[in-house]
Amino acid sequence: MNTRTRKLAVLTSVLALTALAGACGAGGKDDDDKGGGGGATEVGVTDAAVTIGGTFPLTGVAAPGYSEIPTGAQAYFDYVNANGGVHGRSIEFLVKDDGYDPTKTSSLTDELVLKDKVFATLGSLGTPTHNAVVDSLNDQEVPDLFVSSGALAWGDDPGAHPWTFGWQPDYEIEGKIIGQWVSENMPDAKVGLFLQDDDFGEDAEKGVREYIDAQVVEAQRYTSGNTDVGPQIAALQASGADLVLSFTTPSYTALGQLVSLKLGFKPQWYVSNVGSDPTLVGGLLERFSEGAVPGTASSLNGVMTTRYIPGVDQPDNPWVQLWQKVWDESGQDGELTNYRIYGMSFAYTFVQALEAAGEDLTRDGLVEAIEDDGGDFAGPQLAPYRYSSDSHLGISGMQVVELQDGVGQPVTDVLTTDIGDSEIATDDSGQADDAPPESGLPE
Amino acid sequence: MRRLAAVWHSTLGRHLLVTAAAVLVVVLVVESVDDFRAVQLTQMAYLGIAAGGLTVLTGLNGQISLGHGALMAVGAYTTALLVSDDPVLPLPVALLTATAVTSAVGVVIGAAAARLRGPYLAGATLALAVALPGVALHFGETLGGEQGLRLRVPETPGWVLDAAYFVTAHDLTRSKYVAYLAWFTLVVVYLLLANLARSRVGRRWRAVRDDEVAAELAGIHLGRARVSAFVVSAAAAGAGGAVMALAVRLTAPTGFTLTLSLTLLTAVVLGGLGSLTGALAGAALLTFLPSVITDAGTSAGLDDIRAAELAPLVYGVVMVAVVLLAPRGLVGTLHAGWRRLRNPAVTPDPTTSADAASPGATVATSKGDTR
């Protein structure tokens, strides 16, 4: 470059920069009103479609079982869309894989909200993962519906998180219901607790101790990710516990069972609903033991658990028959599983919420509809929802069952309660006898 | 005009000019993208900051660290603790404190690391990456245990909003505020690292890397040079971690697994060992590649699970391809090609070349590839 061109280049760039600085100046800030537009158009909603999304572990350690949940929800939305959608709108459900890593959940939820412009998030899975995004979703006033986790944080304080709703029964009421059952039916049992070391275990322990604090002889915790649970199970064995209440995810249910087999520890087991899917746990047992334990559903025989929606072990239930039909019509690979039923069930609730929110769909309207009408939503759940302006917690109760060859035999009626010191009562709403409408679409 | 040329010929002057241009580019880019891109840019920035520190350590001083994710965790946890406090510290103060705390940790680890070589050093830092999340679990009361610490980005200060409005005539959103914070941090960190690399300190680091005996004969204290390199690198990782805490809004052990440390190393290797531009390029690749691949997979008709599985596959293939075809990394290879074009007669020897450590240049020697 000779001197002249170089001078010219420098001059041009200086001029360009000056022009740029001048062009971008706004001078000062006016106090202009931010006209909202009166809800004429809502983010993620058109006359033809409503776009929603959620984050799920599709890869990684938490993927077995859990990755099937969004496929179930998708199947039900396909069914609804094929039948005309809701208020003429089809439902577009976007699924993002966070691999159960909160860092990824955060950036993927940003992607859903800021790039894909979803109207709401639906069914996003996991306690630690959803913890990373609950504040930002509420700050941005995005409805955060039916989180796939039973932590109390998704609904016990609507003042703090007005846009977030839980769906499944929270872990505290599950702890209360099994706690009361033990105090009435096994008053002499020495109880050991095997807990996941986060809100899951903490909330459940709180509920259990409300009824049988004196009976608990040992509480052991594991950290999700560390697969050695030998010390915890050995400590439970050493404490002389003859009943172990296990609030664990499926992988840790299997690990706990396996280590107990090795140590010859044979207590009566109760396994939390989220960790007791007999087919999945059986499969995991076979894999972890490298084939030494047969991977059949009967490997959890005699184990007690709870249920709050009908599952694949009840093929005659009208809801399960509907889910089977929906699944077959969707043409996706694989069998109908409890996880897919779970996804379909919350999808059903979402469709109800959309219907209740009316034709002029807004975020405010949706939240209002769930608060006002959610308590009376029909559906597969065995006990009614608790939705109101004071509580965003979901299903209010569950039934204790005992597993035999993968089938849950009822041990109690459907019991309902709420967090805190509210009483446990037999459900008299008749919700469990609810059958789906002929069309398979909520009315 | 001659004065401008003089400025360009002094290292500091050149770096300051590049910095000013970088600030301008940052403002232009952040203003022209939507909020989601701003969030992605923030992610790129925190990976870039930490990778910049690592590339200085590995490329200039020849120490391999598999534990930089743990150092980022120190920065992130410090920030999370400081910002959740009431009254809230101004964010720049929180960032500086996090950097200082991480440097202090870096002194301790660096002192131990200075005694170790090659695979032993890699092993020790690997242990750090595996063990540190355990600390957060042990002190669950203060550090939030498995659940981690949630962090709300404080309100953007009024004067920042006014200043941003003055320049751009747009209201500054929270995500763009964090993006600015992240990128200005990156610019400052890179300016400091580039200057340091070109200074006497940087020459000592390289001397120690190239030949320890010769360096000692020249009067260089080996231990001091190694520890100082580690501390500087740790400080950058701490700043990166602090920005990460603001961007992710949750600081939990699951965010700082071994994968993060390996990701940083990947960024450095992909971009080109020892080059700050390379570290930035690597960070960009790691930030944008997965979402591009997943989107491509989805639009090619794959279902969600298959599309999600595609990203790690392509990532691995790209990594292997770069190592096989461009062992100096993307930027290193481009740079070598550029040199050959301009100066076909002379065999380049980057070790002695004058601009080896300026931002945009490869610092790794051709011999350095083996380290």
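Conventions and cut-offs
Residues numbered from 1 in each chain as written. Chains lettered and ligands numbered in written order. Predicted model: local features only at pLDDT ≥ 70, side-chain atom pairs only at ≥ 80, totals over all residues. Heavy atoms only, no water. Contact = heavy atoms within 4.5 Å. Buried area = accessible area lost by both parts, 1.4 Å probe. Salt bridge = Lys/Arg side-chain N within 4 Å of Asp/Glu carboxyl O. Polar contact = N/O pair within 3.5 Å; in protein donor to acceptor, adjacent residues only side chain to side chain. Helix = DSSP H or I, 4+ residues; strand = E, 2+ residues; numbered from the N terminus. Nonpolar A, V, L, I, M, F, W, Y, C, P; charged D, E, K, R; others polar. Expected span 1.5 Å × (residues − 1). Buried < 20%, exposed > 50% of the residue type's maximum accessible area, 1.4 Å probe, protein only. Arc of directions from axis to C-beta. Domains from an automatic or database assignment. Phe/Tyr/Trp six-rings, centres within 6.5 Å; stacked < 30°, edge-to-face > 60°. Axes fitted to C-alpha atoms, helices over the stretch in contact; angles between N-to-C directions. Parallel < 35°, antiparallel > 145°, perpendicular 65-115°, else oblique. Left-handed = near helix turned anticlockwise from the far one by under 90°. Patch = residues over 30% accessible without salt bridge, like charges linked within 9 Å, V, L, I, M, F, W, Y side chains within 5 Å. Areas by Shrake-Rupley, 256 points an atom, 1.4 Å probe, with all protein chains shown as cover. Pairing = 2+ DSSP bridges.

1. Here we look at the interface of chain B and chain A
Step number 1: The partner chain A presents 40 residues to the 36 residues of chain B that form the contact.
Step number 2: Together, the buried faces of chain B and chain A total about 3,400 Å²; carbon and sulfur atoms form 58% of this surface.
Step number 3: Looking only at chain B, the three residues that lose the most surface to chain A are Phe36, Gln147 and Arg150 of chain B, adding up to 20% of its buried area.
Step number 4: Where chain B packs against chain A, one counts 3 salt bridges.
Step number 5: For Lys115 of chain A, the salt bridge goes to Asp295 of chain B, with nearest N and O atoms at 3.0 Å.
Step number 6: Summed over the shared surface of chain B and chain A, the number is 6 residue pairs in polar contact (both at pLDDT 80 or more).
Step number 7: For the side of chain B that touches chain A, the secondary-structure elements that each account for two or more residues are helix 2 (11–32), helix 3 (35–61), helix 8 (158–168), helix 12 (222–248), helix 14 (276–299) and helix 15 (304–325) of chain B.
Step number 8: Residues belonging to the side of chain B that touches chain A are distributed by class as follows: 18 nonpolar, 7 polar and 11 charged.

2. Side note on helix 16 (residues 329–342) of chain B
Residues and elements named next belong to chain B.
Step number 1: Taking 1.5 Å per residue, 14 residues should reach 20 Å; helix 16 reaches 20 Å between its end C-alpha atoms and fits that length.
Step number 2: Listed as buried for helix 16 are Gly329, Val331, Gly332, His335 and Ala336. One side of helix 16 carries all its buried residues, which in axial view fall inside an arc of 130°. Residues of helix 16 that are exposed and point more than 90 degrees away from the buried face comprise Leu334 and Leu341.

3. Remarks on the domain arrangement of chain A
All names here are of chain A.
Step number 1: Assigned domains of chain A: these are domain 1 (49–169 + 312–395) and domain 2 (172–307).
Step number 2: The C-alpha-based centres of domain 1 and domain 2 are spaced at 28 Å.
Step number 3: Contacts between the two partners involve 18 residues from domain 1, matched on the other side by 13 residues from domain 2.
Step number 4: Counting the surface lost from both domain 1 and domain 2, the interface buries some 1,200 Å², and carbon and sulfur atoms represent 52% of this.
Step number 5: Summed over the shared surface of domain 1 and domain 2, the result is 1 salt bridge.
Step number 6: Where Asp313 meets Arg307, a salt bridge forms, and the shortest distance between an N and an O atom there is 3.3 Å.
Step number 7: Put simply, domain 1 and domain 2 have 4 residue pairs in polar contact (both at pLDDT 80 or more) between them.

4. Focus on the packing of aromatic side chains
All names here are of chain A.
Step number 1: Within the structure shown, the criterion is met by 24 aromatic pairs over all chains.
Step number 2: Their ring planes at 50° and their centres at 5.7 Å tell us that Tyr76 and Tyr348 sit as a pair that is tilted. Placement of Tyr76 in helix 3 (residues 69–82) and of Tyr348 in helix 13 (residues 338–357) is noted, with a sequence separation of 272 residues between them.
Step number 3: Taking relative accessible area as the criterion, Tyr76 reaches 0% and is therefore assigned buried.
Step number 4: Between Trp167 and Tyr308 the ring centres are 6.3 Å apart and the planes differ by 75°, which places this aromatic pair in the edge-to-face class. On the criterion of sequence distance, the pair formed by Trp167 in the loop between strand 5 (164–166) and helix 7 (171–185) and Tyr308 in the loop between strand 10 (304–307) and helix 12 (318–330) is long-range, its members being 141 residues apart.
Step number 5: What makes Trp167 buried here is its relative accessible area of 0%.
Step number 6: By the ring-pair criterion, three or more aromatic residues cluster together here, those being Tyr76, Tyr79, Trp319, Trp323 and Tyr348.

5. Concerning the packing of helix 3 of chain A against helix 13 of chain A
Residue and element names in this part refer to chain A.
Step number 1: Running from amino to carboxyl end, helix 3 crosses helix 13 at an angle of 45°, the nearest separation of the two axes being 6 Å. Comparing their axes, helix 13 and helix 3 come out oblique. Between helix 3 and helix 13 lies a crossing of right-handed hand. Contacts between helix 3 and helix 13 involve Ile69, Thr71, Gly72, Ala73, Ala75, Tyr76, Phe77 and Val80 from the former and Tyr339, Arg340, Tyr342, Gly343, Met344, Phe346, Ala347, Tyr348, Phe350 and Val351 from the latter.
Step number 2: Per-class residue counts for the contact of helix 3 with helix 13 are 14 nonpolar, 3 polar and 1 charged.

6. Details of a nonpolar patch on the surface
Residues and elements named next belong to chain B.
Step number 1: On the surface, a cluster of nonpolar side chains totalling about 300 Å² of accessible area is made up of Val7, Trp8, Leu17 and Val18.
Step number 2: For the nonpolar patch, the secondary-structure elements that each account for two or more residues are helix 1 (2–9) and helix 2.
Step number 3: For Trp8, the position within the fold is in helix 1.
Step number 4: Exposure remark for Trp8: the relative accessible area of 42% places this residue in the partly exposed category.

7. Quick look at the environment of Ala51 of chain B
Residue and element names in this part refer to chain B.
Step number 1: With respect to the helices and strands, the residue Ala51 is situated in helix 3.
Step number 2: Take Ala51: its relative accessible area is 0%, and that puts it in the buried class.
Step number 3: Sequence separation between Ala51 and Ala237 is 186 residues; the distance between their C-alpha atoms is 7.5 Å.
Step number 4: Ignoring any residue separated from it by four or fewer positions in sequence, one finds Ala51 in contact with Leu264, Ala267, Val268 and Ala279.

8. A look at the sheet that holds strand 5 of chain A
Within a sheet, neighbouring strands are paired by backbone hydrogen bonds and run either parallel or antiparallel to one another.
Residue and element names in this part refer to chain A.
Step number 1: An order of 2-1-3-4-5 is seen for the 5 strands of this open sheet, with the pairing classed as parallel. Lying at the two open borders of the sheet, with one neighbouring strand each, are strand 2 (90–97) and strand 5. Neighbour to neighbour, the strand axes of the sheet diverge by 25° on average, direction disregarded.
Step number 2: Direction of pairing for strand 4 (residues 144–147) relative to strand 5: parallel, over a ladder of 2 bridges. Directly across from Val147, in strand 5, lies its bridge partner Gly166.

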